[in-house]
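Examining the three-dimensional arrangement
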Amino acid sequence: MIEYESLAQANRPLMEELEAAASRVIRSGWYILGNEVSSFEAEFATFAESKHCISVANGLDALILSIEALDLPKGSEVMVASNTYIATILAILRAGHKAVLVEPERETFNMDPERLPAALTPDTRAICVTHLFGKACRMTEITAFASEHGLQVIEDCAQSHGARYDGRLTGTFGIGGCFSFYPTKNLGALGDAGAIVTDDDEFADRLRHMRNYGSKKKYENVYIGVNSRLDEMQAAFLRVKLRHLDQVTDHKRALANLYFAHLPEWLTQPLRRSSEYDVFHIFGIRHPARDELRQWLLDHGVKTEIHYPIAPHRQKAMQGILSGNYPIADELHATELSLPISAGHSSDEIERVCSLFAALPDNLKLTA
Ligand SMILES: *Cc1c(COP(=O)(O)O)cnc(C)c1O
């Protein structure tokens, strides 16, 4: 069986370094907001080509706190892709604003900049883009639209560590780039973790307060903050994993190249554009009989995933909150299938997946 993902296998080569990091933290006697966190923040800021990195407890909090730190009037409208992972939308709602869904490009799964003008109202204050599957959104057009209309830009980079648009890193286009280090992400901790990167001193200072009870100086509370701190143990693990991130990205890009070289031409595959440096958090193909294809692959020893089975506007939790029709989101959710592409997979395994596609029965040779 080829698993979709095996974290044990992906982390095995780092076992000694991770155990040494854990031991160092345990022995230090300092477990919250210490040297590991400040070192990780400095190291990740360097990686992210940003002035500041503020670590938090998870990716959702990175998004919520960033949107709160914009200090927008209550009830502002924030544009977001109709097919994003639910966290991006939850963050807008949790921050007290209205999520306005913008349909994606079918070919890239990313927010379609051509659709921004139609979604603009006098209440629009921000755009929250998601660089889905490790592919950058068309940031030149999106940031031009934002500055023309005085909108803030927040980037959900939970799937795009190291991805670039026109040579520039995702997370550096808007005021804040929000990262998740959930264990399956390209840079994953061994538990929950997240961070925000920014070049804006004031924004960074506010976030540093907000993640720690609104306080930077013990027992002095400046904002209505929360407890969303990264712990020393996860920071120590992330410092190890960060040193190997470029290797992980190179590996995933090499596996993607194998797919592009060996998957059949009729299959609807991820779009590659010269402007985008993709990091392939997910390798998402599209297929009109996705569920049948998925079952056939499973019967033949390959596990796959669906990102995501239910569109945000179809979620029970969003009834009466996200209204309107989103046919492209519906179509993408009905046709997407994610093939194995993790740090733990070998070229051999990916070639075996490709050879299965060559052996597909004719009734499954369908283009989306
Ligand atoms: C994983 C993810 C998040 C949330 O991150 P957590 O660390 O799980 O809170 C947000 N947005 C996107 C696009 C994600 O993939």
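If you're wondering where the values come from, they're calculated on a predicted model, not measured in any experiment.

Cut-offs and rules
- Residues numbered from 1 in each chain as written.
- Predicted model: local features only at pLDDT ≥ 70, side-chain atom pairs only at ≥ 80, totals over all residues.
- Heavy atoms only, no water.
- Domains from an automatic or database assignment.
- Contact = heavy atoms within 4.5 Å.
- Buried area = accessible area lost by both parts, 1.4 Å probe.
- Near = heavy atom within 4 Å.
- Polar contact = N/O pair within 3.5 Å; in protein donor to acceptor, adjacent residues only side chain to side chain.
- Areas by Shrake-Rupley, 256 points an atom, 1.4 Å probe, with all protein chains shown as cover.
- 1 Å grid on protein atoms, 1.4 Å probe; cavity = no way out; pocket = protein on both sides within 12 Å on 5 of 7 lines; lining within 4 Å.
- Sits in = over half its atoms within 2 Å of the grid points.
- Helix = DSSP H or I, 4+ residues; strand = E, 2+ residues; numbered from the N terminus.
- Nonpolar A, V, L, I, M, F, W, Y, C, P; charged D, E, K, R; others polar.
- Buried < 20%, exposed > 50% of the residue type's maximum accessible area, 1.4 Å probe, protein only.
- Core = buried A, V, L, I, M, F, W, Y, C linked by side-chain atoms within 4.5 Å.
- Phe/Tyr/Trp six-rings, centres within 6.5 Å; stacked < 30°, edge-to-face > 60°.
- Lys NZ or Arg CZ within 6 Å of the ring centre and 35° of its normal.

1. Observations concerning the domain arrangement of the chain
What the domain assignment lists for the chain is domain 1 (7–102 + 115–242) and domain 2 (245–364). Just the C-alpha atoms count here: the centres of domain 1 and domain 2 sit 25 Å apart. Domain 1 puts 33 residues into the contact, and the matching count from domain 2 is 33 residues. Carbon and sulfur atoms supply 62% of the area that domain 1 and domain 2 bury against each other, a total of about 2700 Å² over both sides.

2. Details of the site of the ligand
Taken together, 13 residues lie around the ligand, and Gly 59, Asp 156, Gln 159, Ser 180 and Lys 185 are the ones closest in. One nitrogen or oxygen atom from the side chain of Asp 156 is found 2.7 Å from a nitrogen atom belonging to the ligand. In the model, an oxygen atom of the ligand is placed 2.7 Å from a nitrogen or oxygen of the Lys 185 side chain. Taking 380 Å² as the accessible area of the ligand by itself, protein coverage stands at 91%. Judged by the fraction of its atoms near the pocket grid, the ligand is located in the largest pocket. When residues of the shell around the ligand are assigned to their parent elements, the largest contribution, three residues, is made by helix H4 (residues 59–69). Here the residues of the shell around the ligand are counted per class, giving six nonpolar, five polar and two charged.

3. Details of helix H5 (residues 86–94)
Since there are 3.6 residues in each turn of an α-helix, residues three or four apart along the chain are aligned in direction. The complete set of buried residues in H5 reads Ala 87, Thr 88, Ile 89, Ala 91 and Ile 92. Buried residues along H5 sit in contact with H4, strand S2 (77–81), strand S3 (98–102), strand S4 (124–130) and strand S5 (152–156). Trailing H5 by a residue or two, Gly 96 shows a phi angle of about 90°, which is positive.

4. Some words on the nonpolar core
Judged by nonpolar contacts, the single largest core of 32 residues is most densely connected at Leu 70, Ile 89, Ile 92, Ile 154, Ile 196, Phe 203 and Leu 207. Put simply, the parts of the chain that give this core at least two residues each are strand S1 (52–56), H4, S2, H5, S3, S4 and helix H8 (201–210). A domain-level breakdown of this core finds at least three residues from each of domain 1 (7–102 + 115–242) and domain 2 (245–364). For Leu 207, the contacting residues outside a window of four places in its chain are Ile 54, Leu 65, Ser 66, Ala 69 and Ile 196. In terms of nonpolar packing, the next biggest core, distinct from the first, is built from 27 residues, Ile 2, Leu 258, Leu 297 and Val 353 among them.

5. Here's the deal with the packing of aromatic side chains
If you walk through the whole model with that rule in mind, you get 13 aromatic pairs. Centroid distance Phe 260 to Phe 280: 6.0 Å. Interplanar angle 65°. Geometry classified as edge-to-face. In this pair, Phe 260 sits in helix H10 (residues 245–262) while Phe 280 sits in the loop between strand S10 (276–277) and strand S11 (283–286), placing the two residues 20 residues apart along the sequence. The two residues Phe 260 and Phe 280 agree in class, both being buried. Among the aromatic residues, those joined into a cluster by ring pairs are Phe 40, Phe 44, Phe 47, Phe 179 and Phe 181. Its guanidinium or amino end placed over the ring of Phe 173, Arg 168 lies 4.5 Å from that ring's centre, counting from NZ or CZ. For the cation-ring pair, Arg 272 lies above Phe 260, with the distance from its terminal atom to the ring centre recorded as 3.6 Å.

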